[in-house]
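Analysis of the macromolecular model
Spelled out, the chains give:
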Amino acid sequence: MKNWMMIATAALVITMSAHGQSAAAMEQTHALAAKAKTVSNHAAVAKQYRLQAEAFSAKAAEHEQDVADFTRAAGASIHKWPGSASGLLQKAKANAVDARKAAREASALANRHIRLAVEAQGNELVVAGD
């Protein structure tokens, strides 16, 4: 499980840095994730990842709107000859795909920490009941 989380975190770091997200904020969230042991720690980490996922979804929507605008500006020929698309259109498409991917990855990490919080809560209840 730790390997999956490390891979997802590394992929998210690469994608987030490509979209100009604060490297310090990413590292801070990843450091919190690595140290999270209690319910409140995991909940805080999940919240941070969820906020990052929402930010990426908003960024993806912006890029998708750019794609629509560039496609509309290019006219009908873009559908017939997609290779004639401008570099801006191709970049906007790539950015939209990357932002959606980053949003999915951040959401997956948030969900993972929610599950870890629930498991930690169950462990706390068992210890308190003994």
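Observations regarding the confidence of the model for the protein chain
On average, the protein chain scores 78 in pLDDT, and the residues at 70 or more come to 68%. Mean pLDDT across the elements of the protein chain bottoms out in helix α1 (residues 2-18) (48) and peaks in helix α3 (residues 39-74) (91). The low-confidence segment residues 3-8 (pLDDT under 50) makes 8 contacts with residues lying over four places distant or belonging to another chain.

Regarding the environment of Leu89
When you line up the elements, Leu89 lands in helix α5 (residues 87-129). Given a relative accessible area of 2%, Leu89 falls into the buried group. Sequence separation between Leu89 and Glu64 is 25 residues; the distance between their C-alpha atoms is 9.9 Å.

Topic: the side chain of His42
Along the chain, the position of His42 falls in helix α3. A polar contact is formed between the side chain of His42 and the backbone oxygen of Ala36, at a distance of 3.4 Å.

With respect to the nonpolar core
In this structure, Ala33, Ala36, Val45, Tyr49, Leu109 and Ala110 together form the largest nonpolar core, which totals 6 residues. Put simply, the parts of the chain that give this core at least two residues each are α3 and α5. The next biggest cluster of nonpolar side chains, apart from the first, holds 5 residues, and it includes Phe56, Ala99, Ala102 and Ala103.

Analysis parameters
Residues numbered from 1 in each chain as written. Predicted model: local features only at pLDDT ≥ 70, side-chain atom pairs only at ≥ 80, totals over all residues. Heavy atoms only, no water. pLDDT = per-residue confidence, 0-100. Helix = DSSP H or I, 4+ residues; strand = E, 2+ residues; numbered from the N terminus. Contact = heavy atoms within 4.5 Å. Buried < 20%, exposed > 50% of the residue type's maximum accessible area, 1.4 Å probe, protein only. Polar contact = N/O pair within 3.5 Å; in protein donor to acceptor, adjacent residues only side chain to side chain. Core = buried A, V, L, I, M, F, W, Y, C linked by side-chain atoms within 4.5 Å.

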